[in-house]
Amino acid sequence: MDFDLIRLLIISMFGDNVILKEDKSSPQPSITVPTDKILEICQFLHVQPKLYFDYLACITAIDNGIEIGTLEVIYHLTSIPYGHNFVLKVEVPRNLEGEPLPKVPSVTPIWRTADWHEREAYDLVGIEFVGHPDLRRILLPADWEGHPLRKDYKEQEQYHGIKVKY
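Each chain has its residues counted from 1, following the order in which its sequence is written. With the structure being a predicted model, the display of local features is reserved for residues of pLDDT at least 70 and the display and counting of side-chain atom pairs for 80 or more, all residues being used for whole-chain, interface and lining totals. Just so you know, side-chain values use all the structure's heavy atoms and leave hydrogens and water out.

Caption draft 1: Here's a closer look at the pattern of salt bridges. Here a salt bridge means any side-chain nitrogen of Lys or Arg lying within 4 Å of a carboxyl oxygen belonging to Asp or Glu. This model, assessed by the stated rule, comprises 13 salt bridges. Put simply, Glu40 and Lys37 hold a salt bridge, and the shortest N to O gap is 3.6 Å. In this structure Lys37 comes out as partly exposed when scored by relative accessible area, which is 30%. Residues participating in the shared-partner salt-bridge network are Asp4, Arg7, Glu22 and Lys24. Relative accessibility decides the category of a residue: with a 1.4 Å probe and only protein chains considered, values under 20% of the type maximum give buried, values over 50% give exposed, and everything between is partly exposed.

Caption draft 2: Focus on the pairing of strand E4 (residues 70-79). To qualify as a helix, a DSSP run of H or I must reach at least 4 residues; to qualify as a strand, a run of E must reach at least 2; elements of each kind are numbered from the N terminus. Most of E4 sits out of view: 10 of its 10 residues are buried. Only strands that DSSP links by at least two bridges are regarded as paired with each other. Counting the residues between successive antiparallel strands, the hairpin from strand E3 (residues 55-63) to E4 contains six residues, one of them, Gly65, with a positive phi of roughly 95 degrees. With 10 bridges connecting them, E4 and strand E5 (residues 84-93) associate as antiparallel partners. In the sheet register, Val73 faces E5, and the bridge partner there is Val90. Taking the residues that link successive antiparallel strands as the turn, the E4-E5 hairpin has four residues, and the phi of Gly83 there is positive, at about 70 degrees.

Caption draft 3: Looking closely at the packing of aromatic side chains. Each Phe, Tyr or Trp ring (for Trp, its six-membered ring) is paired with any other whose centre lies within 6.5 Å, and the angle between the two planes then decides the class: stacked below 30 degrees, edge-to-face above 60, tilted in between. Counting across every chain of the model gives four aromatic pairs. Here Phe14 and Phe44 contribute two aromatic rings whose centre-to-centre distance is 5.6 Å and whose plane-to-plane angle is 90 degrees, an arrangement assigned as edge-to-face. One end of the pair, Phe14, is in helix H1 (residues 3-14); the other, Phe44, is in helix H2 (residues 38-47), with 30 residues separating them in the sequence. Assigned by exposure class, Phe14 and Phe44 land together as buried. Plain terms: the ring middles of Phe53 and Phe86 are 6.4 Å apart, the flat faces sit at 45 degrees to each other, and that makes the pair tilted. Of this pair, Phe53 sits in the loop between H2 and E3 while Phe86 sits in strand E5, and the two are 33 residues apart along the sequence. A relative accessible area of 0% places Phe53 in the buried class. Among the residues examined, Phe86 registers a relative accessible area of 2% and is labelled buried. Taken together, the aromatic side chains of Phe3, Phe53 and Phe86 make up a single cluster linked through ring pairs.

Caption draft 4: Structural view of H1. Expected span of a helix: the number of residues minus one, times 1.5 Å. Helix length check: H1, at 12 residues, gives a terminal C-alpha distance of 16 Å against a target of 16 Å (1.5 Å per residue), a fit within 8%. Only heavy atoms enter the contact rule, under which two residues are in contact if any of them lie within 4.5 Å. If you follow the buried residues of H1, they end up packed against strand E1 (21-23), strand E2 (30-32), H2 and E5.

Caption draft 5: Up close: the layout of surface pockets. Cavity and pocket criteria rest on a 1 Å grid covering protein atoms alone: a 1.4 Å probe that fits but cannot get out defines a cavity, protein on both sides within 12 Å along at least 5 of 7 lines defines an open pocket, and an atom within 4 Å of a point defines a lining residue. Grid points are joined across faces, edges and corners, and a volume is the space filled by probe spheres set on the points. In this structure, the largest pocket spans a volume of roughly 440 Å³. Here the lining of the largest pocket is composed, by residue class, of four nonpolar, four polar and six charged. Each residue is assigned to one of three groups, with Ala, Val, Leu, Ile, Met, Phe, Trp, Tyr, Cys and Pro labelled nonpolar, Asp, Glu, Lys and Arg labelled charged, and all others, Gly among them, labelled polar.

Caption draft 6: Structural context of the packing of H1 against H2. Contact geometry of H1 with H2 gives a least axis separation of 11 Å together with a crossing angle of 120 degrees. Regarding the angle of H1 to H2, the classification is oblique. Between H1 and H2 lies a crossing whose hand is right-handed. Only Glu40, Ile41, Phe44 and Leu45 of H2 make contact with H1, whose side of the interface consists of Ile6, Leu9, Ile10, Met13 and Phe14. When grouped by side-chain class, the residues that make up the contact of H1 with H2 number eight nonpolar, no polar and one charged. To define axes, lines are fitted to C-alpha atoms, for helices over the stretch in contact only, and angles between the resulting N-to-C directions are given on a 0 to 180 degree scale. Throughout, the term roughly parallel applies to angles under 35 degrees, roughly antiparallel to angles over 145, roughly perpendicular to angles from 65 to 115, and oblique to all others. The hand of a helix crossing depends on one turn: near helix anticlockwise from the far one by less than a right angle means left-handed, and clockwise means right-handed.

Caption draft 7: Seen up close, the side chain of Asp115. By the secondary structure assignment, Asp115 is in helix H3 (residues 114-125). If we ignore the near neighbours within four places in the chain, the residues touching Asp115 are Thr108, His132 and Pro133.

In short, shape yes, function no, at least from these values alone.
Put into structure tokens, the structure is as follows:
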């Protein structure tokens, strides 16, 4: 099943306004959906018999920078039996220093593999996945300051007496 047919199935289930952005020019076309709909849409993509996206290949997060003021979470889905792929995105506003982290619903109830991917996005980009069973840092120490893949990240000079910045 191709991108357009999957897109039409999503629209038929959730309505025209569920697609906020569409990118067909990239090597991996994608749609951006509302953050509050991501869990529901992913559940649909997983259980819909024509689609059966049984494998979450990757979740990644990117910082679009201070000027744009958003972070993105990107979901790469695969249907192993049908051999098709699909990319979903959500955008959340970037938080300012001292504000709570942006929140996105966890998809771990659908794909257990989301556990690791969401922890990585939390650790490195600073996105909170609401409903995640064990959201804590996975690559950095628990008391590390900041999120290193943020474009405005500033390395701390020292960590427990060890020089960090070289």
